[in-house]
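# Observations on the model geometry
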Amino acid sequence: MLIIGEKLNSSIPSVRQFINDKNTAAIQDLALRQVAAGADYLDLNTAQGDEVVNMEWLVTTVQEVTDQPLCIDSTSAVVIKKGLETVKGDKSRVLVNSISLEKNRLDEVLPLVLEYQCPVIALTLDDNGIPKTAEERMALSERLVEILMKQNYDLAQLYIDPLVLPQAVSHNNATMFFQCLKDIKRLLKVKTVSGLSNISFNTPKRKIVNRHFLTLCMAFDMDAAILDPLDRKIMTSVITNDFLLGKDRFGKKFLKAFRGELLEE
Ligand code: THG
């Protein structure tokens, strides 16, 4: 499974402080540690604070120490544009997080994705909000695929995020999400992605809930997750699940993690 490292996010109080203080060493340390822990992409989110200025600083600061691909995480087209312009090297490697069926994002963010032909995360969300049923989310997913297909976008680069809602709010939220993962694969044949933390909102022992949710998502063939790669227990789950799901031939990665003493019981 593709791992998108979530630590460089201004919603985490300590990270917000690092960004506000322009603490280069602390940010670069977080970037390098996530890469070392197995992050395929580094998610960058500066929503708390001066978002455009901070995104430019964050991209520059991270790219001083690593060439790992970045995931620009913002609802604002201006911020995503700034992120893309600031990235040095191949901009078509940037994962844009995200577009949706909201009019302003279709009008303003989608053109950037098409201009640079980047991989993109698309949320099942429109100007009426997040639909309540799996069927309605599938309808939005279909519309997203149609729009991208019309623009000759390479659908192999599309990751649909069906947007998980807290299990504490409705006991059907997780199963409805799994239904979306299954149907998106079966009917649309495009990739899927999720953040983990929403599922455990308002439950105790959130990390346990997140970790088991991740395992279930992987059983439904989810392709990518936005998570904390510095959490050794969750990385143990990812590595072990990939092994069990036949995505780690000869258990090469599992054994490498074992030898590196990265697997935590
Ligand atoms: N989908 C998409 N993008 C997203 C999300 C999503 N971007 C933002 C968010 N959800 C994913 N990113 C984070 C970043 C940090 C935390 C949660 C989600 C967070 N981290 C704590 C920390 O690192 O200190 C705790 C980590 C832990 O519990 O292990 O809270 O859903 N497309």
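Please refer to the structure higher up on the page.
Residues numbered from 1 in each chain as written. Predicted model: local features only at pLDDT ≥ 70, side-chain atom pairs only at ≥ 80, totals over all residues. Heavy atoms only, no water.

## Describing the overall build of the chain
When its secondary structure is counted, the chain shows eleven helices and eight strands. Dimensions of the chain, computed from the C-alpha atoms along their principal axes, are close to 45 × 40 × 35 Å. Across the chain, contacts joining residues at least 24 apart in sequence account for 69% of those joining residues at least 6 apart. Counting only carbon and sulfur atoms, one obtains 54% of the accessible surface of the chain, whose full area is about 12800 Å². Put simply, the chain has 32 plus and 35 minus side-chain charges, and the middle of one group is 5 Å from the middle of the other. (Helix = DSSP H or I, 4+ residues; strand = E, 2+ residues; numbered from the N terminus. Contact = heavy atoms within 4.5 Å. Areas by Shrake-Rupley, 256 points an atom, 1.4 Å probe, with all protein chains shown as cover. Lys, Arg positive; Asp, Glu negative; His and termini not counted. Charge placed at Lys NZ, Arg CZ, Asp CG, Glu CD.)

## Looking at the side chain of lysine 7
With respect to the secondary-structure elements, lysine 7 resides in the loop between strand 1 (2-5) and helix 1 (13-20). Among the polar contacts listed, one links the side chain of lysine 7 to the side chain of aspartate 228, at a separation of 3.2 Å. Not counting the four nearest positions on each side in its chain, lysine 7 is found in contact with Ile12, Val15, Leu30, Gln34, Asp228 and Leu230. (Polar contact = N/O pair within 3.5 Å; in protein donor to acceptor, adjacent residues only side chain to side chain.)

## Topic: the site of the ligand
What surrounds the ligand is a group of 15 residues, the closest being Lys7, Asp73, Asn97, Asp161 and Lys207. Glycine 195 is positioned with one of its backbone polar atoms (N or O) 3.4 Å from an oxygen atom of the ligand. Against a free-state accessible area of 680 Å², the protein chains account for coverage of 73% of the ligand. For the shell around the ligand, a count of residues per class yields four nonpolar, four polar and seven charged. (Near = heavy atom within 4 Å. Nonpolar A, V, L, I, M, F, W, Y, C, P; charged D, E, K, R; others polar.)

## What to know about the environment of valine 79
Following the sequence through the fold, valine 79 ends up in helix 4 (residues 77-86). Separated by 33 residues in the primary sequence, valine 79 and threonine 46 have C-alpha atoms spaced 8.9 Å apart. Not counting residues up to four positions away in its chain, the partners in contact with valine 79 are Glu51, Val52, Met55, Ile72 and Ser74.

## Quick notes on helix 8 (residues 173-188)
Between its terminal C-alpha atoms helix 8 stretches 21 Å, which fits the 22 Å expected from 16 residues at 1.5 Å a residue. Residues of helix 8 that are buried include every one of Asn173, Ala174, Met176, Phe177, Phe178, Cys180, Leu181, Asp183, Ile184 and Leu188, and no others. Following helix 8 by one or two positions, lysine 189 adopts a phi angle in the positive range, close to 55°. (Expected span 1.5 Å × (residues − 1). Buried < 20%, exposed > 50% of the residue type's maximum accessible area, 1.4 Å probe, protein only.)

## A short note on the sheet that holds strand 1
One closed barrel accounts for eight strands, arranged 1-2-3-4-5-6-7-8; its pairing is parallel. Sheet twist, expressed as the average angle between the axes of neighbouring strands with direction ignored, equals 30°. Both strand 6 (residues 158-161) and strand 7 (residues 191-195) contribute to a ladder of two bridges, which runs parallel. Opposite tyrosine 159, over in strand 7, you have lysine 191 as the bridge partner. (Pairing = 2+ DSSP bridges. Axes fitted to C-alpha atoms, helices over the stretch in contact; angles between N-to-C directions.)

## Section: the side chain of aspartate 73
Considering the arrangement of structural elements, one finds aspartate 73 in strand 3 (residues 70-73). With no salt bridge to any partner, buried aspartate 73 finds its closest opposite charge in arginine 105, at an N-O distance of 7.0 Å. There is a polar contact of 3.4 Å between the side chain of aspartate 73 and the side chain of asparagine 45. With sequence-adjacent residues up to four places away left out, aspartate 73 is seen in contact with Asn9, Asp43, Leu44, Asn45, Met55 and Asn97. (Salt bridge = Lys/Arg side-chain N within 4 Å of Asp/Glu carboxyl O.)

## Re the pairing of strand 3
Here strand 3 shows no split at all, with Leu70 and Ile72 on one side and Cys71 and Asp73 on the other all buried. In this structure, strand 2 (residues 41-44) lies alongside strand 3, joined through three bridges in parallel fashion. Counted as the bridge partner of leucine 42 is leucine 70 from strand 3. In terms of handedness, the path from strand 2 via helix 3 (residues 51-63) over to strand 3 forms a crossover that is right-handed. Two strands pair when backbone bridges link them, and strand 3 and strand 4 (residues 95-101) are joined in this way by three bridges, in the parallel orientation. The residue of strand 4 that forms the bridge with isoleucine 72 is valine 96. (Right-handed = clockwise from strand over helix to strand, strands pointing away.)

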